[in-house]
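# Structural description and commentary
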Amino acid sequence: MMKINEHMTATQLKNIINERKHLNLIRPKVLLRKFEEYVKDITPPRTFEEACFTFHTNGTVFYATGRSVFSSMYQAVFLNKNFIIGVSIRCCHPHSVTLDFKENSNKPIEQDKKEVVNQLFDIIENADIFLLEDMTRDNTTIEFVFK
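This report concerns the structure included in the present document. Counting restarts for each chain: residues are numbered from 1 in the order of the written sequence. Under the rules for a predicted model, residues below a pLDDT of 70 receive no local features and side-chain atom pairs below 80 are neither given nor counted, while totals for whole chains, interfaces and linings still include all residues. For side-chain calculations, the full set of non-hydrogen atoms in the structure is used, while hydrogens and water are omitted.

### Focus on the environment of Arg-20
Put simply, DSSP H or I for four residues or longer makes a helix, DSSP E for two residues or longer makes a strand, and each gets a number counted from the N terminus. Note on placement: Arg-20 falls in the loop between helix 1 (10–19) and helix 2 (27–41). A simple rule labels every residue: compare its accessible area, found with a 1.4 Å probe on the protein chains alone, to the largest value its type can have, and call it buried under 20%, exposed over 50%, or partly exposed in between. With relative accessibility at 9%, the residue Arg-20 sits in the buried group. A C-alpha to C-alpha distance of 8.3 Å links Arg-20 and Phe-83, two positions 63 residues apart in sequence. In this description, contact between two residues means that some pair of their heavy atoms is separated by no more than 4.5 Å. Apart from residues lying up to four places away in sequence, Arg-20 is in contact with Gly-59, Leu-79, Asn-80, Lys-81 and Ile-84. A polar contact is formed between the side chain of Arg-20 and the backbone oxygen of Asn-80, at a distance of 3.1 Å. The definition of a polar contact used here is a pair of N or O atoms within 3.5 Å, where within protein one atom must be able to donate a hydrogen and the other to accept one, and adjacent residues in sequence count solely through side-chain atom pairs.

Next comes the structure, spelled out in structure tokens:
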């Protein structure tokens, strides 16, 4: 079984996003701004570090960015060495995932898409991720968004 590390600190995550800013033109700015806004509202800072629900392994990172009550959407970000990808899961269709490659400076080819899906499901299937624990490669429909 793959070893999944959980609960990376927000500081570690911010450093990884900063290191990979060149991969995506817009998303890192938004993610870093959200971190700064969130940190202002949380005291003590340790609470924010613990609240950052993050899973990572072998250079990949998956973490929750929010849950929209109005649109019944669970949102996360997945980072690997080549892409920063938005992940959306509709609560009413928990086996349907949208992977958003928008604004990435690299354009994914078929091999990249397969690699991202495999890396993402390595984490989903081997970590204790709430809401996603019954998702598998076989029972989940993946939609890719590029523009």
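### Considering the side chain of Ser-96
Mapped onto the elements, Ser-96 comes out in strand 6 (residues 96–100). The exposure class assigned to Ser-96 is buried, which follows from its relative accessible area of 18%. Once residues lying within four places of it in the same chain are set aside, the contact partners of Ser-96 are Ser-88, Ile-89, Arg-90, Thr-140 and Thr-141.

### Considerations on the pairing of strand 4 (residues 73–79)
With six of its seven residues buried, strand 4 lies for the most part within the structure. Pairing geometry for strand 4 and strand 5 (residues 84–90), over seven bridges, is antiparallel. The residue of strand 5 that forms the bridge with Gln-75 is Ser-88. Between any two strands, at least two bridges found by DSSP are needed for them to pair. Linkage of strand 4 to strand 5, two consecutive antiparallel strands, is achieved through a turn of four residues.

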